[in-house]
Structures are given as structure tokens and as C-alpha cells.
Amino acid sequence: MRKALFIANWKMNKKIAEARKFCEEFLPLLDNVTDVETVICPPFTCLHVLSAALQGSPVKLGAQDLFWEDKGAYTGEISASMLLDAACEFVIVGHSERRQIVGENDTVINRKLKAALDASLLPVLCIGETLQERENSMAMEVVKEQLHRDLRDIELSEGQLLIAYEPVWAIGTGVNASSDDVRKMIAFVRECLAKMFSQSLADSVRILYGGSVNEENIKMFLSKEEIDGALVGGASLQAESFAKIVRYKEI
Ligand code: PEP
């Protein structure tokens, strides 16, 4: 049984005082929530304050990116061991905003995944097609290619990888994918993983959906057994709305 997982991706939002305030509001709203796992990925500048604020709570800490080298002359970069030092357990890798805006390609993403895995961080690999690719009926081919390139020469054990299927056209647009399309794509991703690794490995990987998830649509996604949780951007910035998403069973 894969435990439902909700990951807040704050992107480039919140200063230290705002991050602290979020935790003061959010943590009491999680009282008596069981059977789900919750992670917050703030900007690097808020990791330290969040690690203190989340201590003793069930909420875990993640980062939004990492660099593949461990230390040295790499101005502006942050390594896996630095993230561990800042109490991170998770790290997002290959978010479409980094692929599209910063120009990260699959070779870079593959290196980052290897660095995260070597450090025993749990990578959340983001994959997904653009609108044009979907309209040209290429969505599955694109996702399959991303999986093959991003996971090239990587050996995995159960529980070491998380995947977020995030169609690019659904991120931050208010236009979510249909739960049926997501269900089909996630089943396809699992089939690909079974061929690339093994059925038991594929069955163990939690595969989330991301793209304009909110408190209104979360239950629809989580009602599909293929969908193991959500990577949430905009709706994770308000404590109340993210708490409602995490408490989707009560909606
Ligand atoms: C994301 O940041 O990965 C995301 C899915 O954003 P949003 O929920 O705002 O679409």
C-alpha cells in the first residue's frame, strides 16, 4: 500500500517571517491527520527556519533543486550534502520551470538524480508534456523519453524514487488535467518503470500528479487508485488551502 503524499512547492515565494507564520498556522491544522505524508519545499533561504519550525511535527522538509557536485568552485549552487545538513529529506529534480526557464536538459537532470540518490535524499523527478506535445498526441512518447534519459544508468531500490507527472500546460494555469488522463498517464509511467527496472520496483514508486491542484479538485484525483498524491504549487502557499488538500478525505 503506497501512502498518500502531498508536497508543497513554494517556488520563489515567501521570506523567512512568512515561512515561520505559515508553519504557525499550518501545523495546528494537521491535528489527527493520519495515513498521509506531507512535505514542504521552500526556497533555500527558508530551509533553516523551516527545519526548526517543523521539528517534532509530522511534516518533512524538501528542497526545490540541487547541484550534482558535492563542493567546490560552483558559484551559486547547493549540493546534496548541504541539503542533508539543512535537514532536507526530499528534493525536487527536473521541474518544468527549471527545464523551460533555466534550460535544464535531461543530462543535467540525470546527474542531479544520481547526486540525490548517492546522498540518500529522496528525489521527486518531475516529468510531463507541453500543450503542443499533447495536441500532437505525443504526450506518452515524451514522458517515456524523459524517464529513459533522466534515469539512464541509475540503479534503484524500492522506496528511493518519487515521480511527479506534471503536464506543463497545467502548471500554474488554473487548468488542471482530467483525473482520467492523469490516471492513464500514471499507469503508463508505471508500465515503463516495470520494463526499465522490475514490476516490484514500479509498484513501490509513488507517482504524484501536479498541475493546478486545489482543495476543490484534490478529491477527484485521489479517488483514482493510480494517483498517489500531489505536488502543489500555488495552493500550497496558504496554510488553510494546503491543509484542506492534505485532509482531502474529509472534504
Ligand atoms: C508545481 O509547482 O509543480 C505546480 C504544480 O504548481 P501549481 O500547483 O501552481 O500548478
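For the structure, check the block above.
Draft legend 1. Spotlight on the pairing of strand β3 (residues 59–63). Burial analysis of β3 places four of its five residues in the buried class, the great majority of the element. Sheet topology note: the strand β2 (residues 36–41)/β3 ladder contains three bridges and is parallel. For isoleucine 40, the partnering residue across the bridge sits in β3 and is leucine 61. Viewed along the sheet, the connection from β2 through helix α2 (residues 47–53) into β3 turns out right-handed. As defined by bridge partners, β3 adjoins strand β4 (residues 90–93) across two bridges and the pair is classed as parallel. By the bridge assignment for β4, alanine 63 is matched with valine 91.

Draft legend 2. Up close: the pairing of strand β6 (residues 162–165). The alternating pattern of β6 places Leu162 and Ala164 on one face and Ile163 and Tyr165 on the opposite face, and all of these are buried. For strand β5 (residues 122–127) and β6, the ladder comprises four bridges, and the chain directions are parallel. Across the sheet, valine 124 pairs through a bridge with leucine 162, a residue of β6. As defined by bridge partners, β6 adjoins strand β7 (residues 206–210) across four bridges and the pair is classed as parallel. From the neighbouring strand, leucine 162 faces β7, where its bridge partner is arginine 206.

Draft legend 3. Region of interest: the environment of lysine 60. Residue position: lysine 60 is located in strand β3. Owing to a relative accessible area of 26%, lysine 60 belongs among the partly exposed residues under this scheme. A sequence separation of 119 residues divides lysine 60 from serine 179, and the C-alpha atoms of the two residues are 27 Å apart. Reaching out from lysine 60, the side chain makes a polar contact with the side chain of glutamate 37 at a distance of 2.7 Å.

Draft legend 4. Just helix α7 (residues 139–150), in detail. Given a rise of 1.5 Å per residue, twelve residues ought to cover 16 Å, and the 16 Å separating the end C-alpha atoms of α7 matches this to within 8%. Listing the buried residues of α7 in full gives Ala139, Val142, Val143, Gln146, Leu147 and Asp150. Taken around the axis of α7, the buried residues stretch over an arc of 135 degrees, which confines them to a single face.

Draft legend 5. Fine view of the pattern of salt bridges. In total, this model carries 23 salt bridges according to the counting rule given. Linking arginine 190 and aspartate 228 is a salt bridge whose minimum nitrogen-to-oxygen distance equals 3.0 Å. With arginine 190 in helix α8 (residues 179–196) and aspartate 228 in the loop between α10 (218–222) and β8 (229–232), this pair connects stretches of sequence that are 38 residues apart. This pair shows no difference in class: arginine 190 is buried, exactly as aspartate 228 is. Residues joined in a network through salt bridges with shared partners are Arg99, Asp106, Glu145, Arg149 and Asp150.

Draft legend 6. Broad picture of the site of the ligand. Around the ligand, the structure places 14 residues, and the nearest of them are Lys11, His95, Glu166, Gly172 and Ser212. In this structure, histidine 95 approaches the ligand through a side-chain N or O atom, which is 2.8 Å from an oxygen atom. Contact with the protein chains removes 96% of the 290 Å² of surface that the ligand exposes when unbound. In the shell around the ligand, the residues fall into four nonpolar, eight polar and two charged.

The rules behind each value
Residues numbered from 1 in each chain as written. Predicted model: local features only at pLDDT ≥ 70, side-chain atom pairs only at ≥ 80, totals over all residues. Heavy atoms only, no water. Buried < 20%, exposed > 50% of the residue type's maximum accessible area, 1.4 Å probe, protein only. Helix = DSSP H or I, 4+ residues; strand = E, 2+ residues; numbered from the N terminus. Pairing = 2+ DSSP bridges. Right-handed = clockwise from strand over helix to strand, strands pointing away. Polar contact = N/O pair within 3.5 Å; in protein donor to acceptor, adjacent residues only side chain to side chain. Expected span 1.5 Å × (residues − 1). Arc of directions from axis to C-beta. Salt bridge = Lys/Arg side-chain N within 4 Å of Asp/Glu carboxyl O. Near = heavy atom within 4 Å. Areas by Shrake-Rupley, 256 points an atom, 1.4 Å probe, with all protein chains shown as cover. Nonpolar A, V, L, I, M, F, W, Y, C, P; charged D, E, K, R; others polar.

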